[in-house]
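Inside the fold
Residues per chain, in single letters:
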Amino acid sequence: MRKDVRILLVGEPKVGKTSLIMSLVSEEFPDEVPLRAEEITIPADVTPERVPTHIVDYSEAEQSDEQLYQEISKANVICIVYSVNNKKSIEKVTSHWIPLINDRIDKDSRVPLILVGNKSDLVEHSSMETILPIMNQYQDIETCVECSAKNLKNISELFYYAQKAVLHPTGPLYCPEEKELKSSCIKALTRIFKVSDLDNDGILNDNELNFFQRTCFNTPLASQALEDVKNVVRRNMADGVKDNGLTLKGFLFLHTLFIQRGRHETTWTVLRRFGYDDDLELTQEYLFPVVKIPPDCTTELNHNAYLFLQSVFDKHDKDRDCALSPEEVKDLFKVFPYMPWGPDVNHTVCTNEEGWITYQGYLSQWTLTTYLDVQRSLEYLGYLGYSIIYEQESQAAAITVTRNKRIDLQKKQTQRSVFRCNVLGARASGKSGFLQAFLGKNLQRQRRIREDHKSLYAISTTYVYGQEKYLLLHEMMPDFEFTSEVDLACDVVCLVYDVGNPRSFEYCAKIYKQYLIDSKTPCVVIAAKSDLHEARQQYSLSPQEFCRKHKLHPPQPFTCNTTEAPSKDLYTRITTMAMYPHARLRCMCACNKCTYCLCQNLLKMELLRTIKAQLRRVAHNRLIMSSHILCRSECVLFTTTKTKEQITVVINVTISPGLCCRLTRHMAQADLKNSTFWLRASVGATVFAVLGFAMYRALLKQR
C-alpha cells in the first residue's frame, strides 16, 4: 500500500475546483474564493484509510502548461471537475482533459480518473445520463461523483473516493464490460485459495475460512456469519459450495460480488495481506526480506521452517507413499509463477525405486537451496505462504544464520547442521559416481541417468554420534580456475583418483600442493573404482606415501559397483571430519604412529594372542573336570515327615549330558569373560604407563 496519496483537481475555469477544497477544509462555503488554493496535506489519523493525503489545486490563470504537466506526472489520482449546469465544461472532459492527461502519463503507469460534477445545487436533474457513456468509453475513470461546494454535499465522499481509487483501484481487479474478474486477479486469488486450503482437498472448510478471516482481517467469523456467506454463494452458484465448504469458484464469486458492490477494499486487503502490489505482482519486500549474513557464516532452515515444509509435503502426498510423484510435484508448485525444480533435482537428492523424490530428499533439496542461495529459498517460502500460515513478519523468521566458523574452531564444537564437501579430481576419476553413491545409487542405476539431467551437487543425511547432519557434496570441474579462497570454501575436501588410471592421482597431488597444503580444511583422499586392478600411479610418490608425508589419512577405498546400495560409512566419516576438523579420526587412521595405532598394534601382538589362548585352554579344562565330578555326585533333594515316624528319602540324580554341556558352557563363558576383562585391564594399564612415561620424557626434553 502507498505511503501517501496525491490528489490533483483540474478542469475549466469557474467550475468550482478551489471552492471544493476550501469547503472540505473549513466545512463551510467560503465568502471569498482565491484564484488557487495552496497545497493542503490531510494527516493520516483524519483520513479513513489512515494514509496522509495531499490535495493540489490547478489554476489556468496562475500556472503555466509546464507546471500543469509536472503536477499531472506527480499525481496519484486526478479529479476532472465540471459544472453540471455548464454543457461546455462537460464536453471539455473528453475533448481536452482526458486526452491531455493520457498524453502526459507513461503508458506503463496507470493514474485513475474521477469525474466530479460540481454545483448540483443549481439544477434539479442529474448529469449521469451524459456521463455514463464517457465512463464506459474510458477504462481509467473509476467513478463519478455529483456534489455541491455551497451545500457541502458529497464533499467528504469525493475525496474519500479519490483516495480509494489510489489505494483500492478497480482497474487491476475487474472488467466492467465483461462484468467479471480480470485474469491477473483470478490468478492471484487462486494462489491465495490454494495457500489457505491447508488440507489440499479443494474446499475451504469452516476452520480454514476462520483462519483466512483472522489472517486478513484480524477477526474470526461467527458461525451464523459463515452460514450466511455460504448461503449467498449457494443462491448464485450451483457448485460454489461443496461438502459444506467453499470451492474455488465460490471464493472467486464472493470477490466479484464485493467489487460489484463497491467494496474493493475487501479484496485489496486480502491481496495485500498475501504480498501483492497494485499491479497484482508479489512485492520485492514480501519475496525477498532482508537477511544479514556476516562473512564466513552459512544459512540453514530452523525447526519451524522444517515443520512447515513437512506440512506442505503431507498436504500434497495424496497417496501417502512418502514420495512425491511428478503429478504431486506439479500440484505443489501451482502456487509458483514458474517450475522451480528441474529434472536434475532427482539426481541431487534421494529418490525411491521409481525415481520419485522421497520425503528425506524433499527436505534435503530445501536445505541445499537455503545453503547455496538463501534469497531463492526466501522467495520459494513466500510463494508457499510461510509468513502467513505461521503468522510471522516475513520468511526471514525461517532462516538461521550460523556462527562464524572460526569461533567453531576455537571452541572445538559446532551447532551447524549442514556441512559442505568439495569433491575434486581429474576427469573420469569417479567423482560423479561418488556423488550418486551417496544417494544410494549403485553403478547400474547411475548408468540410466541422462547426461543433461546430471547434477554437480548431492545432499543427504548422515548420523554422527546419534545426531542427524546434512552432508552436501559439490563436484568441482577439473578445468575450474580457483581465483580466491572463496572458490574453495568448504568444511572438508575429497580428492578422488581412479586406482586403475596411472595418471589420475597426479591431479590430486597438484591441487593439494597448490591450494590445500597450508589450509586448515580437512582433506581425505578417495581411491575410487577400488574393485578394479590397482595400477601404479605415475607420480614421484605413491598415494599411500603422499598421504603419510603430508599427514593425511590413508587413501580410502571406494566403489559403487555393487549389487546393493553403496555403504554410507565413508560419508559418515567425512561428515565427522567436517564437524571436528581439529580431531584426528581413529576410524580412518592407519599411520602406525599415533596413539590409537600403537595401542591397536600392541593388542594384536602374537605374544598377547598366545597368552590369551593359553588362559582359555586352562579355564576350559578346569571347567570340564568340575562338571564331570558334578555329574556323578548324589544330591539330597527333599525329605518328607509322617506322623510317628520319619522317612528320609535319598534320591540319586544323574545330570544329563545336555544339561552338563550347557552348564559347562555357561561357566566357561563367565570365567572367560572374567579372564578377558583382567587381561584387557592389565594391558590398558601397561599402555597408559608407557604413554605417561613417554610424555614425561618429552616434557623433560623440552625443558
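Cut-off values and rules
- Throughout this document, residue positions are counted from 1 along each chain, in the order its sequence is written.
- Since the coordinates come from a predicted model, pLDDT governs what is reported: local features require at least 70, and pairs of side-chain atoms require 80 or more to be given and counted, while whole-chain, interface and lining totals use all residues.
- Hydrogens and water molecules were not included; the side-chain quantities draw on all heavy atoms of the structure.
- Each helix corresponds to a stretch of at least 4 residues labelled H or I by DSSP, and each strand to a stretch of at least 2 residues labelled E; elements are numbered beginning at the N terminus.
- Residue contacts are counted whenever heavy atoms from the two residues lie within 4.5 Å of one another.
- Excluding any residue in a salt bridge, patches collect residues exceeding 30% relative accessible area, merging like charges within 9 Å and nonpolar Val, Leu, Ile, Met, Phe, Trp and Tyr side chains within 5 Å.
- All accessible areas in this document rest on Shrake-Rupley with a 1.4 Å probe, and a residue is counted as covered only by the protein chains that are shown.
- Counted as salt bridges are all cases of a side-chain nitrogen of Lys or Arg within 4 Å of a carboxyl oxygen of Asp or Glu.
- Charge counting treats Lys and Arg as positive and Asp and Glu as negative, with His and both chain ends excluded.
- A charged residue contributes its charge at one atom only: NZ of Lys, CZ of Arg, CG of Asp or CD of Glu.
- Three exposure classes are used, based on accessible area relative to the maximum for each residue type with a 1.4 Å probe and protein chains only: buried under 20%, partly exposed in between, and exposed over 50%.
- Here, nonpolar core means buried Ala, Val, Leu, Ile, Met, Phe, Trp, Tyr and Cys residues that are tied together by side-chain atoms lying within 4.5 Å of each other.
- Pairing between strands is defined by DSSP: at least two bridges between the two strands are required.
- Whenever two N or O atoms come within 3.5 Å, that pair is a polar contact, provided that in protein one can donate a hydrogen and the other can accept it, and provided that, for residues adjacent in sequence, both atoms are side-chain atoms.
- Pairing of aromatic side chains here covers Phe, Tyr and the six-membered ring of Trp, requires ring centres within 6.5 Å, and sorts the geometry by plane angle: under 30 degrees stacked, over 60 edge-to-face, intermediate tilted.
- Interaxial angle, 0 to 180 degrees, is taken between N-to-C directions of lines fitted to C-alpha atoms, where a helix line uses only the stretch in contact.
- Our angle categories are set so that under 35 degrees counts as roughly parallel, over 145 as roughly antiparallel, 65 to 115 as roughly perpendicular, and the remainder as oblique.
- Crossing handedness follows the turn of the near helix against the far one: under a right angle anticlockwise gives a left-handed crossing, and clockwise gives a right-handed one.
- Under the convention adopted here, Pro, Cys and the residues Ala, Val, Leu, Ile, Met, Phe, Trp and Tyr are nonpolar, Asp, Glu, Lys and Arg are charged, and Gly plus all remaining residues are polar.

Helix and strand counts for the chain come out as 25 helices and 23 strands. When contacts within the chain are restricted to residue pairs at least 6 apart in sequence, those whose partners lie at least 24 apart make up 69%.

Turning to a negative patch on the surface, a few remarks are in order. There is a patch of like negative charges on the surface, built from Glu-27, Glu-28, Asp-31 and Glu-32. Assignment of secondary structure puts Glu-32 in the loop between α1 (17-26) and β2 (40-42). Judged by relative accessible area, Glu-32 falls into the exposed class, the value being 72%.

Here the focus is the nonpolar core. Ile-192, Leu-271, Phe-274, Leu-309, Tyr-362, Trp-366 and Leu-384 are the most contacted members of the largest nonpolar core, which has 71 residues in total. When sequence neighbours within four positions are dropped, the list of residues in contact with Ile-192 reads Phe-212, Phe-251, Val-270, Leu-271, Phe-274 and Tyr-276. Within the second largest apolar cluster, 28 residues are counted, among which are Val-56, Tyr-69, Ile-78 and Val-123.

It is worth spelling out the sheet that holds strand β20 (residues 523-528) at this point. The strand order across the open sheet built from six strands is β17-β18-β16-β19-β20-β21, with neighbouring strands paired in mixed fashion. The open sheet has two edge strands, β17 (457-464) and β21 (556-557), and neither has a second partner. Note: β20 against β21, two bridges, orientation parallel. Residue pairing across strands places Ala-527 opposite Pro-557, the latter belonging to β21.

Before going further, it helps to spend a moment on the environment of Asp-121. Note on placement: Asp-121 falls in the loop between β5 (113-118) and α4 (128-137). Residues Asp-121 and Cys-147 lie 26 residues apart in sequence; the distance between their C-alpha atoms is 8.1 Å. The residues touching Asp-121, leaving out its near neighbours within four places in the chain, are Ser-148, Lys-150 and Asn-151. A distance of 2.8 Å separates polar atoms of two side chains, one belonging to Asp-121 and the other to Ser-148.

Our focus in this paragraph is the pairing of strand β4 (residues 77-83). Counting buried positions over the seven residues of β4 gives seven, a clear majority of the element. The pairing of strand β1 (residues 5-11) with β4 spans five bridges and is parallel. Each bridged residue has a counterpart across the sheet, and for Val-10 the counterpart in β4 is Ile-80. Two elements, β4 and β5, share six bridges in a ladder whose sense is parallel. Bridge assignment links Ile-80 to a residue of β5, and that residue is Leu-115.

Here we take up the pairing of strand β18 (residues 467-475). Most of β18 sits out of view: seven of its nine residues are buried. Where strand β16 (residues 418-425) meets β18, six bridges bridge the pair, whose relative direction is parallel. Pairing of Val-418 across the sheet is with Tyr-470, part of β18. The sheet contact formed by β17 and β18 spans eight bridges and is antiparallel. Of the residues in β18, the one forming a bridge with Thr-461 is Tyr-470. Between β17 and β18, which pair antiparallel one after the other, the connecting turn spans two residues, and Tyr-465 there sits at a positive phi close to 50°.

The next subject is the packing of aromatic side chains. Applying the stated criterion to the full structure yields 28 aromatic pairs. Centre to centre, the rings of Phe-434 and Phe-558 are 5.1 Å apart; their planes meet at 80°, and the pair counts as edge-to-face. Taken together, the residues Phe-434 in helix α18 (residues 431-438) and Phe-558 in the loop between β21 and α22 (569-579) connect sequence positions 124 residues apart. Note on Phe-434: relative accessible area 0%, which makes it buried. Residues Tyr-497 and Phe-505 carry aromatic rings whose centres are separated by 5.2 Å and whose planes lie at 75° to one another, so their mutual orientation is edge-to-face. A connected cluster of aromatic rings, assembled from ring pairs, spans Phe-313, Phe-333, Phe-336, Tyr-338, Trp-341, Tyr-359, Tyr-362, Trp-366, Tyr-380 and Tyr-383.

Time to look at the packing of helix α12 (residues 303-316) against helix α14 (residues 359-372). Following both chains from N to C, one finds α12 and α14 inclined at 135°, their axes separated by 11 Å at the closest point. With respect to each other, α12 and α14 are oriented oblique. In the packing of α12 onto α14, the handedness of the crossing is right-handed. Where α12 approaches α14, its residues Tyr-306, Leu-309, Gln-310, Val-312 and Phe-313 are matched on the opposing element by Tyr-359, Tyr-362, Leu-363, Trp-366 and Thr-367. In terms of residue class, the contact of α12 with α14 is built from eight nonpolar, two polar and no charged.

Turning our eyes to something else, we now look at the sheet that holds strand β3 (residues 53-57). Through backbone hydrogen bonds, the strands of a sheet pair up, either in parallel or in antiparallel fashion. With mixed pairing, six strands are arranged side by side in an open sheet as β2-β3-β1-β4-β5-β6. With partners counted over all chains shown, the strands left at the sheet margins are β2 and β6 (141-146), one partner each. Between one strand axis and the next, the sheet turns by 20° as a mean value, whatever way the strands run. The sheet contacts of α1 involve β1, β2, β3, β4 and β5, and relative to β3 the element is tilted by about 145°. Packing against the sheet, helix α5 (residues 155-167) makes contact with β1, β3, β4, β5 and β6, and its axis sits at approximately 120° to β1.

A separate point is the pattern of salt bridges. Following the criterion strictly, the structure yields 18 salt bridges and no others. Ionic pairing is found between Lys-164 and Glu-265, a salt bridge with its closest N-O pair at 3.2 Å. Remark: Glu-265 occurs in helix α10 (residues 264-273) and Lys-164 occurs in helix α5; sequence separation between them is 101 residues. Residue classification places Lys-164 among the buried positions, given a relative accessible area of 9%. Residue Asp-491 pairs with Arg-416 through a salt bridge whose shortest N-O separation is 2.8 Å.

The next subject is the side chain of Thr-367. Tracing the backbone shows Thr-367 in helix α14. Among the polar contacts listed, one links the side chain of Thr-367 to the backbone oxygen of Leu-363, at a separation of 2.8 Å.

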